[in-house]
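These are the residues of each chain, in order.
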Amino acid sequence: MDSMSHSKNEEVETKEMDIRSMSSSRRYVHSARYLHKVGVPPKQNLFQEFKATVRETFFADDPLRPFKDQPRSRKFVLATRAIFPILEWGRSYSWRKFRGDLIAGLTIASLCIPQDIGYAKLAYLDPQYGLYSSFVPPLIYAFMGSSRDIAIGPVAVVSLLLGTMLSDELDPVQNKPEYLRLAFTATFFAGVTQATLGFLRLGFLIEFLSHAAIVGFMGGAAVTIALQQLKGLLGIKNFTKDTDIISVMKSVWSNVEHGWNWQTIVIGVSFLSFLFFAKYIGKRNKKFFWVPAIAPLISVVLSTFFVFITHAEKQGVVIVKHIEKGINPSSVNRIYFTGEYLVKGMRIGVIAGMIALTEAAAIGRTFAAMKDYQIDGNKEMVALGTMNIVGSMTSCYIATGSFSRSAVNFMAGCETAVSNIVMSCVVFLTLEFITPLFKYTPNAILAAIIISAVAGLLDFEAAILIWKIDKFDFLACMGAFLGTVFSSVEIGLLIAVIISFAKILLQVTRPRTAILGKLPGTTVYRNIQQYPEATKVPGILIVRVDSAIYFSNSSYVRERILRWLMDEEEQVKAECQSTIQFLIIEMSPVTDIDTSGIHALEELHGCLQKKNIQLILANPGPVVIEKLHASNFANLIGDDKIFLTVADAVSSCSPKPVQEQV
């Protein structure tokens, strides 16, 4: 009985082993039989390919979709609403929304009026031109803009940039009429630049100025602007026209004995302390957001009244004196359309317009994200460009989105762009009736208002975060900052652009590569540096290229792969392991390849053949595989050497271990 039961058990075990063996064999045959090959997409003709490329480049958001299958009358209505978004959201406008916009508009008006007077001085323009620029442009933007929160008007950085570049061409005092005409010309071409970028859907061009470079440039501009205000804050009459910190500090200290005015210093420092204290209250408690918003106007009123009753202007306190009364006069005939200043105005306008556009885009996106709505970047550019073109014809200089005013607008509970209309109406009343009251306003209070306003542009938290995330970005940030502070606004901007492009070139010409290993218990292959537990496959080197392969990096990619191979061969010899027989290139991240890239792969294939190493490709994308077949490279290495996944490629190189593992 025992022998019979023993034999039966042996038979059962044998059958179970045969079943497991057959199951394993079937699974392996099944996997081999259904091994998917890399598909080649259907070939497109040249026109189709060009059309698809243009559509993805310029019309990725498919702006014409709402017009599809619509009657002509409906298309006209939709087109009108696309140009003037106010016709879309205005249909659902209510009294509740107007209350929020009214409060927000009055609040930002109280902030913008004293700021505009000071910012005009930064551009070396008379005070009324700052007020003009907060009257017409906000009205145009309210009808054409898509942001609910952005507040339009002159800003410190653009005012300083414009004043610096204009004064390099013409003296704002000796050649005042020509200087003013050049300012209007620059504003006109700034608007043309902005509108053209939006109309041609080229908004992606402003993205080439990195966030880090903008943080550094804005911080440097803030320091430069604050240093320039020392003239008004200390009552210095003979002050340098240079903007770098060394020249400014020399000018300040050279006037210590006889150039400083103690009455001016008392007024300036006292109200500057008050403005910073108001900001502190607003930051501590969000309910008191209106305190820092209304503080500049309170400062202007109190300081003006103080100077009026004490006649401090007779003691050396410099005052604003006359501000021209009335709304914007026409300036159409004062724009240079011919002559030597035409090209100069175009150059200044393009640069200042791009900076203004960058600032407005950043502000619009920030507040749109907070309220969870979308803004159309191209429509925004058209709106900003149109308002500056119209502004240049109505005695305005470049206006854009102001971060400080937009923040106040947001905190005040604005609902729509009607808050800009309310602000514009208040500025209109100011120009018509109130400007004579600013006669005794001291320049020191304007300097204090500007210093307190630009202090917010120094974003230390952003700089620290940039340092933690990317050291090269931090280099761009500091390069832009130091260039602006120690040289000029133009040099700082140039450094910011150069470093931003240098980063792009570095990433394009030196793409990242990695060696992949197999994660235990899976068929997943990952970077061995990121996953130390991933193990290399004996006799196989798996490399991933994390970039498109173009003429700019093809040689580097080839040489880097060969260096990986050389390092691996040395390690294999040292550890007495099996030699490398296969090189697998994981091509999932390779989005595109050109003729130089294919030529580099051909050279790599030739080098590997001399070493008796087979080249295998894993998961090339549709564009890449199409070009590999078109260039005959797929036939060169063999169509059976191109696999859908790294796991498939490894199993084809080492079927025995894979079969055993299964």
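What counts, and at which threshold
Residues numbered from 1 in each chain as written. Predicted model: local features only at pLDDT ≥ 70, side-chain atom pairs only at ≥ 80, totals over all residues. Heavy atoms only, no water. Helix = DSSP H or I, 4+ residues; strand = E, 2+ residues; numbered from the N terminus. Rg over C-alpha atoms; globule rule 2.2 N^0.38 Å. Buried < 20%, exposed > 50% of the residue type's maximum accessible area, 1.4 Å probe, protein only. Contact = heavy atoms within 4.5 Å. Areas by Shrake-Rupley, 256 points an atom, 1.4 Å probe, with all protein chains shown as cover. Salt bridge = Lys/Arg side-chain N within 4 Å of Asp/Glu carboxyl O. Phe/Tyr/Trp six-rings, centres within 6.5 Å; stacked < 30°, edge-to-face > 60°. Lys NZ or Arg CZ within 6 Å of the ring centre and 35° of its normal. Core = buried A, V, L, I, M, F, W, Y, C linked by side-chain atoms within 4.5 Å. UniProt positions renumbered as here; feature names shortened; annotations may be inferred. Pairing = 2+ DSSP bridges. Axes fitted to C-alpha atoms, helices over the stretch in contact; angles between N-to-C directions. Expected span 1.5 Å × (residues − 1). Arc of directions from axis to C-beta. Polar contact = N/O pair within 3.5 Å; in protein donor to acceptor, adjacent residues only side chain to side chain.

Let's talk about the overall build of the protein chain
Phase 1 of the analysis: The secondary structure content of the protein chain amounts to 28 helices and 8 strands.
Phase 2 of the analysis: The C-alpha radius of gyration computed for the protein chain amounts to 34 Å, which surpasses the reference 26 Å derived for 662 residues by more than 25%, pointing to a less compact arrangement than a globule.
Phase 3 of the analysis: Overall, the C-alpha framework of the protein chain stretches about 125 × 70 × 65 Å when taken along its three principal axes.
Phase 4 of the analysis: Burial analysis of the protein chain (662 residues in total) assigns 48% to the buried set.
Phase 5 of the analysis: By sequence separation, contacts in the protein chain at least 24 residues apart represent 81% of the contacts at least 6 residues apart.
Phase 6 of the analysis: Taken as a whole, the protein chain presents about 33,500 Å² of accessible surface, with 62% of it coming from carbon and sulfur.

Concerning the pattern of salt bridges
Phase 1 of the analysis: Evaluated as defined, the whole model comprises 18 salt bridges.
Phase 2 of the analysis: With a closest N to O distance of 2.7 Å, Arg-347 and Glu-169 form a salt bridge. Taken together, the positions of Arg-347 in helix H15 (residues 340–371) and Glu-169 in helix H8 (residues 156–169) put the pair 178 residues apart, joining distant regions of the chain.
Phase 3 of the analysis: Here Lys-611 and Glu-569 are joined by a salt bridge, their closest N and O atoms 3.8 Å apart. Placement of the pair is Lys-611 in the loop between helix H24 (595–610) and strand E7 (614–618) and Glu-569 in helix H23 (residues 554–574), with a sequence separation of 42 residues.
Phase 4 of the analysis: Within the structure, one salt-bridge network assembled from shared partners comprises Arg-81, Glu-88 and Arg-91.

A few points about unusual backbone geometry
Phase 1 of the analysis: Unlike most non-glycine residues, Asp-372 shows phi in positive territory, near 60 degrees.
Phase 2 of the analysis: The backbone of Asn-632 shows a phi angle near 70 degrees, a positive value even though the residue is not glycine.
Phase 3 of the analysis: Note that Asn-632 resides in the loop between helix H25 (622–630) and helix H26 (633–637).

Brief notes about the packing of aromatic side chains
Phase 1 of the analysis: Taken as a whole and judged by the stated rule, the model has 14 aromatic pairs.
Phase 2 of the analysis: Ring pairing ties together the aromatic residues Tyr-129, Tyr-132 and Phe-184, which thus form one cluster.
Phase 3 of the analysis: One cation-aromatic arrangement involves Arg-148 over Tyr-373; the distance from NZ or CZ to the ring centre is 4.1 Å.
Phase 4 of the analysis: The residue whose ring lies beneath Lys-471 is Trp-467, and the NZ or CZ to ring-centre distance is 4.7 Å.

Section: the nonpolar core
Phase 1 of the analysis: Residues Leu-125, Val-157, Ile-225 and Ile-355 are the most contacted members of the largest nonpolar core, which totals 100 residues.
Phase 2 of the analysis: For Val-157, the residues in contact, after removing those within four places along its chain, are Phe-217, Met-218, Ala-221, Ile-225, Ile-355, Glu-359 and Leu-457.
Phase 3 of the analysis: In this structure, Val-543, Ile-580, Ile-613 and Leu-615 belong to the second largest nonpolar core, which totals 32 residues.

Considerations on the environment of Gly-492
Phase 1 of the analysis: With respect to the helices and strands, the residue Gly-492 is situated in helix H22 (residues 489–509).
Phase 2 of the analysis: Linking Gly-492 and Gly-220, residues 272 residues apart in sequence, is a C-alpha distance of 7.7 Å.
Phase 3 of the analysis: Residues in contact with Gly-492, not counting those within four places in the same chain, are Phe-217, Ala-480, Gly-483 and Thr-484.

Looking at the UniProt feature "domain: STAS" (unreviewed entry) in the protein chain
Phase 1 of the analysis: Here, UniProt's "domain: STAS" (unreviewed entry) annotation points to residues 530–653.
Phase 2 of the analysis: Split by type, residues 530–653 is 48% helix and 15% strand. Its first and last C-alpha atoms lie 25 Å apart.

Focus: the sheet that holds strand E6 (residues 582–586)
Phase 1 of the analysis: With respect to topology, 6 strands assemble into an open sheet ordered E4-E3-E5-E6-E7-E8, the strand pairing being mixed. Among the strands making up the open sheet, the edge pair consists of strand E4 (525–527) and strand E8 (642–643).
Phase 2 of the analysis: Bridge count for strand E3 (residues 513–518) against strand E5 (residues 540–545) is 3 bridges, and the pairing is antiparallel. In the sheet register, Ile-515 faces E5, and the bridge partner there is Val-543.
Phase 3 of the analysis: Along the sheet, H23 contacts E3, E5 and E6; its crossing angle with E5, the most-contacted strand, is approximately 150 degrees.
Phase 4 of the analysis: Against the sheet, helix H27 (residues 646–653) touches E4, E5, E6, E7 and E8, its axis set at about 170 degrees to E6.

Some thoughts on H24
Phase 1 of the analysis: When the terminal C-alpha atoms of H24 are compared, their 23 Å separation across 16 residues agrees well with the 22 Å that a helix rising 1.5 Å per residue should span.
Phase 2 of the analysis: Along H24, the positions that sit buried rather than exposed are Gly-597, Ile-598, Ala-600, Leu-601, Leu-604, His-605 and Leu-608. All buried residues of H24 fall inside an arc of 155 degrees around its axis, so they share one side. Facing away from the buried side of H24, by more than 90 degrees, are the exposed residues Thr-595 and Lys-610.
Phase 3 of the analysis: At its buried positions, H24 is contacted by H23, E6, E7, H25 and H26.

Some words on the side chain of Asp-592
Phase 1 of the analysis: When you line up the elements, Asp-592 lands in the loop between E6 and H24.
Phase 2 of the analysis: For Asp-592, a relative accessible area of 18% puts it in the buried group.
Phase 3 of the analysis: A distance of 3.4 Å separates polar atoms of two side chains, one belonging to Asp-592 and the other to Tyr-550.
Phase 4 of the analysis: Contacts of Asp-592, omitting those with residues within four sequence positions, involve Ala-548, Ile-549, Tyr-550, Val-623, Val-624 and Lys-627.

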